[in-house]
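Architecture at a glance
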Amino acid sequence: MKKNSPIKKSRAISREFGLEYLGIEYKLGVDFLDKASIQGRDEKDVERAIERALEHGVSQSFIEKTGGYTGISGILDTGRPGPTIAIRADLDAVPVQESSAEEHEAVKGNYVSEIPGVMHACGHDAHTSILLAVAEWAVRNKEHLVGKYKFIFQPAEEGVRGGLAVANGGIFDDVDEILCFHVGSECKLGEVGICEGGYLATTKLNVSFEGAPAHAGSNPEAGKSALLAACNAATLVAGIPRHSGGLTRVCVGKLEAGESRNVIPAHARMEIETRGATSDLDAFMVDHVKRIVRGTEAAFDVKAKIEKVGSAANLETDPEVLARLAKITEQMESVEKTNFIRFVPASEDCTWLIRRVREHGGKAGYFLFGCNHHGHHRGDFSIQDEKSMPVAFEMLTKYLAERNMSC
Ligand SMILES: [Zn+2]
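Residues numbered from 1 in each chain as written. Predicted model: local features only at pLDDT ≥ 70, side-chain atom pairs only at ≥ 80, totals over all residues. Heavy atoms only, no water.

1. Examining the sheet that holds strand E9 (residues 267–276)
One open sheet accounts for four strands, arranged E8-E9-E7-E10; its pairing is antiparallel. Both outer strands of the open sheet, strand E8 (248–257) and strand E10 (303–312), are each paired with one neighbouring strand and no more. Along the sheet, successive strands turn relative to each other by an average axial angle of 15°, direction set aside. Of the strand pairs in this sheet, strand E7 (residues 201–210) and E9 are connected by 10 bridges, and their pairing is antiparallel. Considered in E9, the bridge of Ser 208 is made with Arg 269. (Pairing = 2+ DSSP bridges. Helix = DSSP H or I, 4+ residues; strand = E, 2+ residues; numbered from the N terminus. Axes fitted to C-alpha atoms, helices over the stretch in contact; angles between N-to-C directions.)

2. Some remarks on unusual backbone geometry
Trans is the prevailing form of peptide bonds, just as negative phi is the prevailing case for residues other than glycine. Positive phi, normally seen in glycine, also occurs at Ser 185, with a value near 55°. Of note, Ser 185 is situated in the loop between strand E5 (177–183) and strand E6 (191–195). Under the relative-accessibility criterion, Ser 185 is labelled buried at 18%. The residue Gln 384 is not glycine, and still its phi comes out positive at about 50°. Along the chain, the position of Gln 384 falls in the loop between strand E12 (363–369) and helix H12 (385–405). (Buried < 20%, exposed > 50% of the residue type's maximum accessible area, 1.4 Å probe, protein only.)

3. Description of the coordination of the zinc ion
The zinc ion binds to the protein through Cys 122 (SG), His 124 (NE2) and His 182 (NE2); the donor distances cover 2.1 to 2.3 Å. Of note, the donors binding the zinc ion are all from one chain and are spaced C-x1-H-x57-H. Within this pair, whereas Cys 122 is found in the loop between helix H5 (105–108) and helix H6 (124–140), its partner His 182 is found in strand E5, the two being separated by 60 residues in sequence. The same class applies to Cys 122 and to His 182, which are both buried. (Donors = N, O, S within 2.8 Å, 3.2 Å for Na, K, Ca; no water.)

4. Here's the deal with the packing of helix H8 (residues 226–238) against helix H9 (residues 279–300)
Packing of H8 against H9 brings their axes to within 9 Å, and their N-to-C directions diverge by 145°. You can see that H8 and H9 cross each other, and the crossing is right-handed. On H9, the residues touching Leu 228, Ala 229, Asn 232, Ala 233, Leu 236 and Val 237 of H8 are Val 289, Ile 292, Thr 296 and Phe 300. Tallied by class, the residues present in the contact of H8 with H9 amount to eight nonpolar, two polar and no charged. (Left-handed = near helix turned anticlockwise from the far one by under 90°. Contact = heavy atoms within 4.5 Å. Nonpolar A, V, L, I, M, F, W, Y, C, P; charged D, E, K, R; others polar.)

Listed below in structure tokens is the structure:
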């Protein structure tokens, strides 16, 4: 995009619809997150992101307010007794190059990502917009509403890094109900998926091995091969037994090792993920991975470091919340079909927020609203904004209206 493209204009306008503009109290960045629970944060990435934000017109004072931590929760208190309801949207983009093909919706609509190699290839920009519109609706209808609302804009869902820090940030302890949602996935345009459960618990681990280098010809016995340690660990990890208690997954997705052909390799690095139908099953897989890494460390006389860089719980929801959502979609003209979904073969870290709410007796719901996408995390991901987004907006606002009327 050129500097004077219409995008600049729309960005300037969009600021006027922010939480501050709406007069909603908010908690931002460090005030909203539990810093100790942040996973997989790379300070160099953060520095680059701050530079990019400044270049794109975000003010220095705003950056300082965030403390370098994105994410925000808007809080609207009607002042009348009633339930506290939280709605969560995720904010982040994906490291994917956006398509420049003529038929791509963002090209047609002139809203292609300005950042090379980064785009909204999972629809989180739509989630953010929908939740902001719901917040605006709540402000406009405040006089007819009761209770309290928390509008949660969560950072770093990709890689399941941000959810735990948001969940532990202290804003869910008084929440009676939480709603989370996602565009696309298993649902096409006109369809809504009410999720009874299904997202898998997962753990993302980075493992590094440090050995000792040596000349491969003259004294190989002095070397300690991190590469062989990592290769052995990779095959052992793939052989972790599966569990009779439910579905499990494990993947060594990346392995980098070695320096040169004639050097005993001193460094190796692996990226591993585990998944399970429950957090216990996921923990079973993680325990095995850790044991294998420790065993390999001893067998190859190398040093290993295991770093947890992301995690999510499995999805658990409550039938009464799901029934309310289903009743709403039955009356919506834009919804042709409502499916009850038991399994989504992926992971989502709003599950930490949901767990936090359910731990003290609160209830949770999760739904998918459809779009005709070509697959998530692809350069041609698009969601037919004007047709898909109103579905989620209507579901959420109807839920809030009906929930408060019934209290
Ligand atoms: Zn997503």
